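# Chains, contacts and geometry: an overview
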Amino acid sequence: MMDIIQKIPVATICLITMICVGPSICDGSLNSRPIIGVLAQSSDPKSQPYYGDTYIPSAYVKWLESGGARVVPIRVRESGEYYEKLFKSINGVVFPGGDVNIVTSYFAKAAKILYNMALRANDAGDYFPLWGTCQGFQQLTVLTAGKDLLSALHAHRMMALNLTHNFGQSRLFADLPKYILTSLISYNVTANHHNYGLSPTTFSQNQALRTFYRFMSTNVADNGKEFISTFEAIKYPFYGVQWHPEKVPYDWDLNDALTHTRRGVKVTQYFADFFVEECRKSGHHFPNITAEISTLINNYQPHFTTDTRFQERYFFNFTQPHF
Ligand SMILES: *[C@@H]1O[C@H](CO)[C@@H](O)[C@H](O)[C@H]1NC(C)=O
Ligand SMILES: *[C@@H]1O[C@H](CO)[C@@H](O)[C@H](O)[C@H]1NC(C)=O
Ligand SMILES: *[C@@H]1O[C@H](CO)[C@@H](O)[C@H](O)[C@H]1NC(C)=O
Ligand SMILES: *[C@@H]1O[C@H](CO)[C@@H](O)[C@H](O)[C@H]1NC(C)=O
């Protein structure tokens, strides 16, 4: 009898700890082994080099690793069961850049499944972050709006961000160190490589987008068109950048004007640190260490290519996607 009574306070402490598990509140509950899924992009069999049906540029992997995460590739053109299982095992998802169809491609379809799972998980109190870069950012706008609202433009250079007046109210930019803030607004540290963009006007006119996201920066393309360059979801840990934070330290594209300055490298690191820390708030894990290890991207070898867009890429022969 005495024993049971003495155990009560212990049980109570456990209960309090349990409440603390989950999002943001207590540091002690953070997952220090975050594993992040990167959705693979379909390769074009007609373009060279072609070493597999899908690929992931190494820069995304290095970027996430620099923040303290490990990476698993996510296949396109898979069953719902595959995505369900993987989703329960990983702590966040990155939709990378690419140039497949934003509505009909296997990439778009897999992104939709993952996006919907992330919405449901977060609604149920299961913190699950998403990050979209370039086409990944555009994909988020299509998923939230339920349609393609992008317009054609031409933006292929390094730029400084034009921040909105209330950028500081965002989570992503609230704690920007001064050096990073100065770098972002006064130096050409954001790499743009896109032919589409979401205009702030279109954003403001679309109910689904303007109630879901807040945008923190815009830029002006070469043809004078303004586009949203950074946003985040208001109520979900979802982030999108039209530019490429992963490129500056990790990509050496032969044709573009990537500049590899110290400021640019620090900016890259800031965003890696931010997103990986978000992923540490997710408690998902693989069923066992064998399943975990066999799924990691470390099981594959990246290819060095003299492609004009990427210095190094992982190629996969997953399920013969062809877009
Ligand atoms: C994928 O298959 C192609 C064609 O059979 C082959 O050339 C390539 O090396 C394979 N890639 C990988 C990563 O196994
Ligand atoms: C940024 O790039 C633009 C051209 O795209 C150039 O006019 C400007 O001087 C550059 N700014 C800095 C700080 O290098
Ligand atoms: C920032 O906004 C100004 C005013 O619209 C525009 O002239 C400029 O090109 C923008 N800067 C960048 C780097 O997009
Ligand atoms: C690990 O998990 C996988 C996937 O659920 C399962 O197939 C496998 O049998 C498990 N292995 C061990 C050693 O438990």
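Everything below is about the structure shown above.
A short tour of the structure in this document, coming up. (Residues numbered from 1 in each chain as written. Chains lettered and ligands numbered in written order. Predicted model: local features only at pLDDT ≥ 70, side-chain atom pairs only at ≥ 80, totals over all residues. Heavy atoms only, no water.)

### A few points about the site of ligand 4
For clarity, the cut-off: Residue proximity to a molecule or strand is established when one non-hydrogen atom of the residue lies within 4 Å of it. As used in this structure description, the phrase polar contact means that two N or O atoms lie within 3.5 Å; if the pair is within protein, one of them must be able to donate a hydrogen and the other to accept it, and residues adjacent in sequence are counted only when both atoms belong to side chains. Accessible surface is estimated by sampling points in the Shrake-Rupley manner with a 1.4 Å probe; for residues, cover comes only from the protein chains shown.
Within the structure, ligand 4 sits among P287, N288 and A291. Side-chain polar atom of N288 to an oxygen atom of ligand 4: 2.4 Å apart, as the coordinates give it. Protein chains bury 32% of the 360 Å² of accessible surface belonging to ligand 4 in isolation.

### Some points on the packing of aromatic side chains
Heads up, the rule is: Any pair of Phe, Tyr and Trp rings, taking the six-membered ring for Trp, is counted once the centres come within 6.5 Å. Such a pair is stacked with planes under 30 degrees apart, edge-to-face with planes over 60 apart, and tilted for the rest. By the criteria applied, helices consist of DSSP H or I runs no shorter than four residues and strands consist of E runs no shorter than two, each listed in order from the N terminus. Only protein chains enter the accessibility calculation, which uses a 1.4 Å probe. A residue is then buried if its area is under 20% of the maximum for its type, exposed if over 50%, and partly exposed in between. As a reminder, the over-ring test applies to NZ of lysine and CZ of arginine, requiring each to be within 6 Å of the ring centre and within 35 degrees of the ring normal.
Per the counting criterion, the structure on display carries 27 aromatic pairs. Considering the side-chain rings of F173 and F271, the 6.0 Å spacing of their centres and the 65 degrees angle between planes classify their relative orientation as edge-to-face. Here F173 is found in helix α6 (residues 171-174), whereas its partner F271 is found in helix α11 (residues 262-279), with 98 residues between them in sequence. The two residues F173 and F271 agree in class, both being buried. Where Y213 meets F231, the ring centres are 3.9 Å apart and the plane angle is 5 degrees; that geometry is what we call stacked. Taken together, the residues Y213 in strand β12 (residues 213-220) and F231 in strand β13 (residues 226-233) connect sequence positions 18 residues apart. When sorted by exposure, Y213 lands in the same class as F231, which is buried. The side chain of R263 reaches across the aromatic face of Y187, ending 4.2 Å from its centre.

Everything listed here is a matter of geometry and, on its own, says nothing about what the molecule does.
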